[in-house]
Each structure stands twice: as C-alpha cells, then as structure tokens.
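# Inside the fold
So you can see what is in the structure, the chains are spelled out below.
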Amino acid sequence: MFMREHNRLVDGLSKVNPHWNDEQLYHNGRRILSAILQQITYGEFLPRIIGRDFLNRFGLTLLPNGYHNGYDSQCSSTVYNEFAAAVFRFGHSLLKPHFERLDRNYRPVEEPLTLRTAFFNSDMLFTPLALDNIVRGISTQSVETLDHAITEEVTNHLLEDIKKPFSGMDLISLNLQRARDHGIQPYNEYRRVCNLTKAKKNVDDIDLFSGGIPETPVHGGLIGPTFACIIGMQYETSDPFIRFSEQQLAEIRKITLAKVLCENSDSIDTIQRQVMDLPDSFLNPRIPCSSMPSIDLTQWRERGNSCVVNNRVLAIGRADRISPCVNCICTFEGIRCQSLRINDCNELFSSHSRQDILNDSVCKVQCAFSFGHNMRSQQSRRISTIFGFSQ
Ligand code: HEM
C-alpha cells in the first residue's frame, strides 16, 4: 500500500513540477511519504498501543499546527536492540489465524485466508481485487488479545512449505532465541530501567518478551508498562526531522491511514475514518472515501527566485530569523521555517522587544515562566514608581 502511495505521490508531483527529473521526483515523494507514515504512526498507531499517558510522558503527541522543536541532531536515532529483538514483536500475539476477505459491500466473498496458505503465496495478490478484499477484511476484524496464547499459524506453521508436513517454524521460539543471540537482558532488568518494581522476587531468568507480553495493559493502551516504556523511549529518540513549509505540513496533517487505503485500492469506496478501530454505525461509521480530505500537492510547486514571509523577501537559499524564535529558509519548494530552541530567555528579553516576543508563540511556549517573572518584575517596578519610590 505504501509503495503504491509513493508512486501515486510521485505521479502527482510530476504534474505539479513537470520539469523535475526522476531523482527530484523520487526524493520528494519519499520525503512526503515518510511524513505521512510518521503522521499515521504518531497520530493513529502509538496512541492505541501505549495510551495517551505514555505518549505525553515521552513527548510524542502530535502538534495540531506549528513546528515541534525537540529535534536533537546529537541524539542517535538508531533502533534499540531490545525494541527490535523483543519488545516490538508484541504484534505477534495479536495475530488472527486468518484474514477475512470481504467484497465491496463488506460481505464475505471467499473463504478466509489462513496464514499458512498465505506464506509464499504472493501470486494470490495478483488476482483482481484480492488485496482490496483483504484490506476490507482486516479493517473489519478485531485483533487477538495480547497474551501468551498465540495462534498456531505462527507457532507451528510459520513459513511452512504446504507440501512438506512439519516444515513450519515457531515464531515465538525465534523471538526468544533472537533476543538471546542479541544479548537482551532478563525482563526484571528492564523493569528496573523503567522504574517499575521487580516482577517476582528472585526470578531473574524471564525473557523480556515472555515477561512483557502478559503484563496488564497501561491505561488507554494495549501493552503493559515495561513495553510501553521501551517503545516510548524508542520513538522519543526516533524524533523525525523533515523540513516542510507550514502549508505543506497542513496538507500532511490531513492524511489518515483510511485515506491512504482508499487512494491506493481499486474498489474501496467506503471505510471507517478511524481505520485502526472497528467500524461502528454510530461511533465509527464507514463513510465515502471521497469525503476524506486528500493531500494537495500544489503546495510542493516550485516557486520563482524568492519567498515572501512576514512582509520580508528572501532569495532562494537565504535564511533569516523572521521573528525572535523562528528561523526560515527560502527553498525551491517554498519557505521552510523552524522553531529555535531558546536556552537563555533573559538574553531573548534583552535582544528583542516585548511585543515581538509576545507575538511569537514559539517564544511564549519556551519562556512562559521567565516571561511571567519578567512581567511581574516590570509590574512591580511600575507600582513602585506610582507610589513614588525610587527604582
Ligand atoms: C502474519 C504476521 C506476521 C508474521 C508472519 C511475522 C513474522 C516474523 C518473522 C519470521 C520475523 C523474524 C524472526 C526472527 O528470525 O528473529 C519477524 C520479526 C519481527 N516482527 Fe513479525 N510477523 C508478523 C507480524 C508482526 C507484527 C504485527 C509486528 C508488530 C506490530 C511484528 C513485529 C516484528 C518485529 C519488530 C520483528 C523484528 C524485526 C527486525 O529485527 O528486523 N511482526 N516477524
């Protein structure tokens, strides 16, 4: 689906910028696709997995507008060993033994497809509407409960050669073995790292995967506190950094997974807006794809030789501080602005006027405390003048 989305974006970009070569089209399509994936991951997926409390604790909540200023170029954004070899494999416990296949009207069209018949059977996807039927099915099926009960399709029949009995593997054994290969520490070590109490006294030989899976889910989430903590840490360090203009960001913020599925299928006409939740005629009804907003790629149209921002003209390639806490650069795709990290609010007060700082929400967010303090000391100075005391 996301490969199709990439190619769809590239087609759209080539219409908006017919002079771009393949390389420009590819990289710009890729950048937009990465941002869409991040929008879906942080906006739709993570809240359902780790819940709002953990999302806030690790600063992973998406802003409705403006720029996020937490990016740290010194921070390595690589994937934690624990995350890949154990924690993020929690999804293996959610697998259903089969995919439902539903027609345009969401009625079963074929037998459900068991995982063991789907392994090594990618030709099946070339049958007309096969993918659409599966997408309609998985958007309508619930997941399994997150616990130690895991479908035999992956514990006995993983990547099975259908012609060879007992050729299937066990995914959970692979998970445990892989984590041990990678030197992942016992479960209780991670409880300690996450400031949680030890699970059981004197039991330190529980694998991270086995210990984390049956934990009671965190409030509003699907997984327990140890996994939520490690996933939170992972996404905190994977802080995305892609430069877009405000207008381009507004386009990306419109996109949902439901819309991506609509745009890239041949026959999905209706789907629920919150596609990661089950459809519900009242709370999450299936709605026409056409009623969901789509990305307007004209925001990526390459402009002339300059950009105008805050009544200032910037030549292509030039950067300027357009307000006390925002720096902008003029690029071929338009103006791109970035919030500045303010380390010393007092210095800001001495170098910019009070009104300029007040008008800049980025300054206000970062220096609200010092600002209040500064205001109070100005007020107390005013009062002392009124009463005739010397300052
Ligand atoms: C039908 C569905 C799935 C199948 C058949 C499957 C199968 C596999 C297999 C065979 C591996 C490699 C195991 C090893 O040798 O170490 C793997 C790794 C992994 N799986 Fe799954 N998986 C499925 C769904 C999921 C889901 C839903 C998630 C998470 C939400 C997930 C997360 C992971 C992760 C994080 C890895 C490690 C990747 C890496 O280190 O590169 N998988 N999976």
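Quick notes on the rules
- Residues numbered from 1 in each chain as written.
- Predicted model: local features only at pLDDT ≥ 70, side-chain atom pairs only at ≥ 80, totals over all residues.
- Heavy atoms only, no water.
- 1 Å grid on protein atoms, 1.4 Å probe; cavity = no way out; pocket = protein on both sides within 12 Å on 5 of 7 lines; lining within 4 Å.
- Points joined across faces, edges and corners; volume = space filled by probe spheres on them.
- Helix = DSSP H or I, 4+ residues; strand = E, 2+ residues; numbered from the N terminus.
- Nonpolar A, V, L, I, M, F, W, Y, C, P; charged D, E, K, R; others polar.
- Axes fitted to C-alpha atoms, helices over the stretch in contact; angles between N-to-C directions.
- Parallel < 35°, antiparallel > 145°, perpendicular 65-115°, else oblique.
- Left-handed = near helix turned anticlockwise from the far one by under 90°.
- Contact = heavy atoms within 4.5 Å.
- Domains from an automatic or database assignment.
- Buried area = accessible area lost by both parts, 1.4 Å probe.
- Salt bridge = Lys/Arg side-chain N within 4 Å of Asp/Glu carboxyl O.
- Donors = N, O, S within 2.8 Å, 3.2 Å for Na, K, Ca; no water.
- Disulfide = S-S within 2.5 Å.
- Buried < 20%, exposed > 50% of the residue type's maximum accessible area, 1.4 Å probe, protein only.
- Polar contact = N/O pair within 3.5 Å; in protein donor to acceptor, adjacent residues only side chain to side chain.
- Arc of directions from axis to C-beta.
- Pairing = 2+ DSSP bridges.
- Near = heavy atom within 4 Å.

Quick look at the layout of surface pockets now. Size it by volume and the largest pocket reaches roughly 1200 Å³. Lining of the largest pocket is provided by 30 residues; of these, Phe45, Ile138, Val143, Leu257 and Met276 occupy positions nearest its centre. When residues of the lining of the largest pocket are traced back to their parent elements, those giving at least two are helix H2 (22–57), strand E1 (98–99), helix H5 (130–138) and helix H12 (257–263). Considering every element that reaches the lining of the largest pocket, the biggest residue donor is H2, with six residues. When its residues are assigned to classes, the lining of the largest pocket shows 21 nonpolar, six polar and three charged.

At a minimum axis separation of 9 Å, H2 and helix H10 (residues 225–237) run at an interaxial angle of 135 degrees. It follows that H2 is oblique to H10 by the angle criterion. In the packing of H2 onto H10, the handedness of the crossing is left-handed. Contact with H2, carried on its side by Thr41, Tyr42, Leu46, Ile49, Ile50 and Phe54, involves Pro225, Ala228, Cys229, Ile231, Gly232 and Tyr235 of H10 and no other residues of that element. Looking at the contact of H2 with H10, its residues break down into 10 nonpolar, two polar and no charged.

Another point: the domain arrangement of the chain. Domains assigned within the chain are domain 1 (2–75 + 237–299) and domain 2 (305–386). Taking only C-alpha atoms into account, the centre of domain 1 sits 29 Å from that of domain 2. It is Tyr67, Asn69 and Arg243 that lose the most area in domain 1 upon contact with domain 2, and together they represent 52% of the buried surface on that side. Taken together, the links from domain 1 to domain 2 amount to zero salt bridges.

Another aspect to go through is the coordination of the iron atom of the ligand. Just one protein ligand coordinates the iron atom of the ligand, and it is His92 (NE2) at 2.1 Å. Looking at where His92 falls in the secondary structure, it is placed in the loop between helix H3 (81–85) and E1.

On to the state of the cysteines, then. Inspection of every chain in the model, using the stated rule, returns six disulfides. Each disulfide pairs two cysteine sulfurs, and for Cys328 the partner residue is Cys337, the sulfurs being separated by 2.0 Å. Here the disulfide of Cys328 and Cys337 is right-handed, its torsion about the S-S bond being about 105 degrees. Cys337 matches Cys328 in its accessibility class, with the two residues each being buried. Residue pairing for Cys345: its cysteine sulfur links by disulfide to Cys367, the two sulfurs lying 2.0 Å apart.

Let's shift gears to the side chain of Thr41. In this structure, Thr41 sits in helix H2. By relative accessible area, which is 17% here, Thr41 ends up buried. Engagement of the side chain of Thr41 in a polar contact is seen with the backbone oxygen of Leu37, the distance being 2.6 Å.

Restricting attention to buried positions, one finds in helix H7 (residues 171–181) the residues Leu171, Ile172, Asn175 and Ala179. Projection of H7 onto a plane perpendicular to its axis shows the buried side chains occupying an angular sector of 105 degrees, all on one side. The outward face of H7, more than 90 degrees from its buried face, is lined by the exposed residues Arg180 and Asp181. Where H7 begins, one side-chain oxygen reaches toward the backbone nitrogen of Ile172, 3.0 Å away; that side chain belongs to Asp170. With its phi angle positive at about 70 degrees, Gly183 sits one or two positions after the end of H7.

Read across the open sheet, the three strands follow the order E7-E8-E9; overall the sheet is antiparallel. Of all the strands in the sheet, the pair left with one neighbour each is strand E7 (319–323) and strand E9 (334–339). Strand-to-strand twist of the sheet, defined as the mean angle between neighbouring strand axes without regard to direction, takes the value 35 degrees. Alignment of strand E8 (residues 326–331) against E9, held across six bridges, turns out to be antiparallel. Residue pairing across strands places Thr331 opposite Gly334, the latter belonging to E9.

Taken together, the neighbourhood of the ligand is formed by Ala84, Phe88, Arg89, Gly91, His92, Leu95, Leu115, Phe119, Leu158, Leu171, Leu174 and Arg178. Within the side chain of His92, an N or O atom sits 2.9 Å from a nitrogen atom of the ligand. Ranked by residues supplied to the shell around the ligand, first place goes to H7 with three residues. Of the residues assigned to the shell around the ligand, the class counts are eight nonpolar, two polar and two charged.

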